[in-house]
Amino acid sequence: MSGDGSGTSGIERIAAAFAQTGKQAALMPYLMGGYPTLADSIRIGEACIKAGADIIELGVPYSDPLADGPVIHAAGTQALQAGANLAGVLEVARALAQNVPVVLMCYANMVFAPGAEAFVERLARSGASGLIVPDLPLGEGPEVGEACGMHGLALVPLVAPTTTPERLAEIGKSAQGFVYTVSVVGTTGERSELGERFAQVVQRAKASTRAPIALGFGISTPEQALQAAQAGADGVIVGTRLVRAAGESVDPAGAVGAVVGELAASLALAR
């Protein structure tokens, strides 16, 4: 069960966030735990929630982040240098999970080093609702999925444009929480021309699962967020643009909150 005190499982909290968004698609900001500082992370997350975030994706800084583009990689490096660690990031999760579902994004080594059951139990105690492990292929590390199931957490899978139809069907069949659908091949980062790709990517993912489809990687503007929603995405994930805003301002929380507010406005239902 979720550690937010509601008695509701993390999977149920995520489902409710999608169902109750009140927008064309759920808005899912990414923030790097510990960047610029752990205290800033909490303030940034709170600003995101106030500005209209439905779910928070919370990254754990890591020395070899395979899926992260240069902006997020640099933020993680700075966070590590400032002393951020898993314990600190879980305290960020604990603070934010009181208000919205938090999904932790980390790499497999962090999960397996202490043991999957111990890691997931600790994650559940923080109040988090789910876990994304981008370098954990389907079928590997089944103990992670089993531990998440025991604690009511969603182990969120990733699919890409290069995922084969057979593998897509297998992933979609067992997906929990949502399917993190990568809009482009490559690492995270801002891109200028994406809209024409969204419909094909989203439709392909939707055909494989009943779980919500959240589109990410490269989405940075209100226009792109709206295009993703109009293409059928149930959720829109924005990361690099927000991490960049945090790094460029003397008021990281204010800067990120302003961008999230613009994204939320773009996804507002027509009156």
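Parameters at a glance
Residues numbered from 1 in each chain as written. Predicted model: local features only at pLDDT ≥ 70, side-chain atom pairs only at ≥ 80, totals over all residues. Heavy atoms only, no water. Helix = DSSP H or I, 4+ residues; strand = E, 2+ residues; numbered from the N terminus. Rg over C-alpha atoms; globule rule 2.2 N^0.38 Å. Contact = heavy atoms within 4.5 Å. Areas by Shrake-Rupley, 256 points an atom, 1.4 Å probe, with all protein chains shown as cover. Lys, Arg positive; Asp, Glu negative; His and termini not counted. Charge placed at Lys NZ, Arg CZ, Asp CG, Glu CD. Buried < 20%, exposed > 50% of the residue type's maximum accessible area, 1.4 Å probe, protein only. Expected span 1.5 Å × (residues − 1). Phe/Tyr/Trp six-rings, centres within 6.5 Å; stacked < 30°, edge-to-face > 60°. Salt bridge = Lys/Arg side-chain N within 4 Å of Asp/Glu carboxyl O. Core = buried A, V, L, I, M, F, W, Y, C linked by side-chain atoms within 4.5 Å. Pairing = 2+ DSSP bridges. Axes fitted to C-alpha atoms, helices over the stretch in contact; angles between N-to-C directions.

(A) Quick look at the overall build of the protein chain. Looking only at helices and strands, one finds 12 helices and 9 strands in the protein chain. A compact globule built from 271 residues would reach a C-alpha radius of gyration of about 18 Å, and the protein chain, at 17 Å, matches this within 12%. Sequence separation of 24 or more characterises 73% of the internal contacts of the protein chain that already satisfy a separation of 6 or more. Accessible area for the protein chain stands at about 11,200 Å²; split by element, carbon and sulfur atoms hold 51% of it. Each charge sign in the protein chain was given a centre, from 17 positive and 25 negative side chains, and these centres are 4 Å apart.

(B) The arrangement of unusual backbone geometry in detail. With an omega of -10°, the peptide bond running from Y35 to P36 counts as cis. In this structure, P36 sits in the loop between β1 (26-32) and α2 (38-51). The backbone of F217 sits at a positive phi, close to 75°, despite the residue not being glycine. Within the secondary structure, F217 is located in the loop between β8 (213-216) and α10 (222-230). Residue F217 is classed as buried on the basis of its relative accessible area, which comes to 8%.

(C) View of helix α12 (residues 252-266). In a regular helix each residue adds 1.5 Å, so 15 residues correspond to 21 Å; α12 covers 22 Å between its end C-alpha atoms and thus fits that length. Turning to α12, its buried residues are P252, A253, V256, G257, V259, V260, L263, A264 and S266. Those residues of α12 that are buried are in contact with β1, α2, α10, β9 (235-238) and α11 (240-248).

(D) Just the packing of aromatic side chains, in detail. By the definition in use, this model includes 3 aromatic pairs. With a centroid separation of 5.3 Å and an interplanar angle of 20°, the aromatic rings of Y62 and Y107 are classed as stacked. Of this pair, Y62 sits in the loop between β2 (56-59) and α3 (70-81) while Y107 sits in the loop between β3 (102-105) and α5 (108-112); the two residues are 45 residues apart in sequence, bridging distant segments of the chain. Under the relative-accessibility criterion, Y107 is labelled buried at 1%. Judged by centre distance (5.8 Å) and plane angle (90°), the rings of Y180 and F217 are edge-to-face.

(E) Molecular detail of the pattern of salt bridges. All told, the structure shown has 6 salt bridges when counted by the stated rule. Linking D234 and K206 is a salt bridge whose minimum nitrogen-to-oxygen distance equals 2.9 Å. Here K206 lies in helix α9 (residues 195-206) and D234 lies in the loop between α10 and β9, a separation of 28 residues in the sequence.

(F) Inspection of the nonpolar core at higher detail. Judged by nonpolar contacts, the single largest core of 86 residues is most densely connected at I56, L104, F119, L131 and F178. Those residues in contact with L131 that sit more than four places away from it in its chain are V103, L104, C106, F119, L123, V144, C148, A154, L155 and V156.

(G) Representation of the sheet that holds β1. Here 9 strands make up an open sheet; going across it, the order is β5-β4-β3-β2-β1-β9-β8-β7-β6 and the pairing parallel. With one partner strand each, in any of the chains shown, β5 (154-156) and β6 (158-159) form the two edges of the open sheet. Relative to strand β4 (residues 130-132), β3 runs parallel, the two sharing 3 bridges. If you follow M105 over to β4, its bridge partner there is I132. Across the sheet, α2 lies against β1 and β2, angled at about 170° from β1, the strand it touches most.

(H) Highlighting the pairing of β1. Of all 7 residues making up β1, 7 are buried, and the element is well covered by its neighbours. Of the two faces of β1, the one carrying A26, M28, Y30 and M32 and the one carrying L27, P29 and L31 are both buried. Pairing of β1 with β9, which is carried by 4 bridges, proceeds in the parallel orientation. Within β9, the position partnered with L27 by the bridge is V236. Where β1 meets β2, 3 bridges bridge the pair, whose relative direction is parallel. Opposite Y30, over in β2, you have E57 as the bridge partner.

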